[in-house]
Amino acid sequence: MEFRHLVQHARTHSQRRSPETGRRLAAGQSPTALFITCADSRIVPAAITGAEPGSLFELRTAGNVIPAFTPYSASSEMATIEFAVVQLGVSEIVVCGHSHCGAVNALHSGRRALDHLPTMLRWLATHAPFRTAASNDPGLRVEGQDHVLAQLRTLEDYPFVRERIATGDLRTHGWFYDIESGEVSAFAADRFQPL
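This is a predicted model, so every value here is computed, not measured.

Q: An account of the overall build of the protein is requested, with residue identities and associated values reported.
A: What the protein contains, in helices and strands, is 9 helices and 6 strands. With respect to the principal axes defined by its C-alpha atoms, the protein has extents near 55 × 45 × 35 Å. A burial count over the protein gives 39% of its 195 residues as buried. When contacts within the protein are restricted to residue pairs at least 6 apart in sequence, those whose partners lie at least 24 apart make up 63%. Working note: accessible area of the protein is about 11300 Å², and carbon and sulfur atoms make up 53% of it. The averaged location of the 20 negative side-chain charges in the protein is 6 Å from the averaged location of its 18 positive side-chain charges.

The structure is reproduced here in C-alpha cells:
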C-alpha cells in the first residue's frame, strides 16, 4: 500500500467511526489483554484477534524481545508491561512471535549478520541469547517458537506479573503466528497447537 493511501484513509477515519465509539474511547480504557509482539509490519494484532479499539493494550518490540526485569532501571518495555498489569489490571498477556522473523534469524545466524545495524545488535545481545544453530526451515518456526517461550519466561519473572499469576488474577500465553498460512498456534501441553 502506498503512503498516500494511508494518508487518505487517515483523513476519512473520523467519518467512518461512530460518535458513540469516540465517546466510549474518550471515557478511558480497560483492555482485557496486553499483546506483546514484534514490530514487524506483517503482524497486525487487531487483524489476527479481531480486537476492537480499546480491547488490546499493545507492546511491539524488535523481535518481540522482553528485557529482563531490573529494579531501579527503566525501559519503555518494562514501563508498558507495568502499566498494563498494575494500572490497567489486564487479566491476560499474550507473547506472540512469528515465522520469518528477522530478529530470530539474526539470533541464529550470528552477530555478523547485524554489523550494519549496531543498535539492533546491542538490543539483541543485551536481551536475547545468540544461538548459531543452522535451521533447515527458512520460516524459522521451531526457533521462533522457542524464542516465544524464552520471552514468556522472562515476562513471568517480573515481580508484579509473578504476584498476579500466583493470585489467579493474570494468565500468560505464548502464541505463534505463521505468516505464510495465517495460522495461530498457542503453547499448551508442552507444545504449540493450533488455536
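On we go from here.
Q: An account of the pairing of strand β1 (residues 33–38) is requested, with residue identities and associated values reported.
A: The buried fraction of β1 amounts to 6 of the 6 residues, a majority that puts the element mostly inside the structure. Note: β1 against strand β2 (residues 56–61), 6 bridges, orientation parallel. Residue alanine 33 lies in a different strand from β2, and its bridge partner there is leucine 56.

Q: Provide a residue-level description of the pattern of salt bridges, including the pertinent values.
A: What the rule picks out here adds up to 7 salt bridges. A salt bridge links aspartate 137 to arginine 141, with the shortest nitrogen-to-oxygen separation between them at 2.7 Å. A relative accessible area of 21% means that arginine 141 is categorised as partly exposed. Between arginine 141 and aspartate 178 there is a salt bridge, and its shortest N-O distance comes to 2.5 Å. Placement of the pair is arginine 141 in helix α8 (residues 141–156) and aspartate 178 in the loop between β4 (171–177) and β5 (184–188), with a sequence separation of 37 residues. A network of salt bridges, in which partner residues are shared, links Asp137, Arg141, Asp178 and Glu180.

Q: An account of the nonpolar core is needed here, citing residue identities and associated values.
A: Taken as a class, soluble globular proteins show a tendency for nonpolar side chains to be buried jointly. Within the largest apolar cluster, 23 residues are counted, with the highest numbers of intra-cluster contacts made by Leu34, Ile36, Ile81, Ile93, Leu155 and Val161. Secondary-structure elements contributing two or more residues to this core are β1, β2, α5 (76–87), β3 (92–98), α8 and α9 (159–167). For leucine 155, the contacting residues outside a window of four places in its chain are Ile36, Ile66, Ile81, Ile93, Val95, Val161 and Thr172. Counting 14 residues, the second largest nonpolar core, distinct from the first, contains Val104, Leu107, Leu114 and Ala128.

Q: Describe in detail a nonpolar patch on the surface, supporting the description with residues and values.
A: Nonpolar side chains collect at one region of the surface, where Met1, Phe3 and Leu6 lie side by side and expose about 420 Å² of accessible area between them. Positionally, methionine 1 belongs in the segment before α1 (3–11). Taking the relative accessible area as the measure of exposure, methionine 1 reaches 81% and is therefore exposed.

Q: Pulling in residues and values, what's your account of the state of the cysteines?
A: Counted by the stated rule, this structure contains 0 disulfides. The thiol of cysteine 38 is not disulfide-bonded; the next cysteine sulfur, from cysteine 101, is found 4.3 Å away. Counting only cysteine sulfurs, cysteine 38 is the nearest neighbor of cysteine 96, a cysteine outside any disulfide, at a range of 9.7 Å.

Q: Mind laying out the packing of aromatic side chains, listing which residues take part and the relevant values?
A: In the structure shown here, the tally under the stated rule is 7 aromatic pairs. Each ring, one from tyrosine 158 and one from phenylalanine 160, has its centre 5.8 Å from the other, and the planes form 90°; the classification is edge-to-face. These aromatic residues form a ring-pair network of at least three members: Phe69, Tyr158 and Phe160.

Q: Describe the environment of valine 94, and please don't skip the residues or the numbers.
A: Among the structural elements, valine 94 can be located in strand β3. With a relative accessible area of 6%, valine 94 lands in the buried category. Residues valine 94 and histidine 173, spaced 79 residues apart in sequence, show a C-alpha to C-alpha distance of 4.7 Å. Not counting residues up to four positions away in its chain, the partners in contact with valine 94 are Leu34, Phe35, Ile36, His173 and Trp175.

Conventions we followed
- Residues numbered from 1 in each chain as written.
- Predicted model: local features only at pLDDT ≥ 70, side-chain atom pairs only at ≥ 80, totals over all residues.
- Heavy atoms only, no water.
- Helix = DSSP H or I, 4+ residues; strand = E, 2+ residues; numbered from the N terminus.
- Buried < 20%, exposed > 50% of the residue type's maximum accessible area, 1.4 Å probe, protein only.
- Contact = heavy atoms within 4.5 Å.
- Areas by Shrake-Rupley, 256 points an atom, 1.4 Å probe, with all protein chains shown as cover.
- Lys, Arg positive; Asp, Glu negative; His and termini not counted.
- Charge placed at Lys NZ, Arg CZ, Asp CG, Glu CD.
- Pairing = 2+ DSSP bridges.
- Salt bridge = Lys/Arg side-chain N within 4 Å of Asp/Glu carboxyl O.
- Core = buried A, V, L, I, M, F, W, Y, C linked by side-chain atoms within 4.5 Å.
- Patch = residues over 30% accessible without salt bridge, like charges linked within 9 Å, V, L, I, M, F, W, Y side chains within 5 Å.
- Disulfide = S-S within 2.5 Å.
- Phe/Tyr/Trp six-rings, centres within 6.5 Å; stacked < 30°, edge-to-face > 60°.

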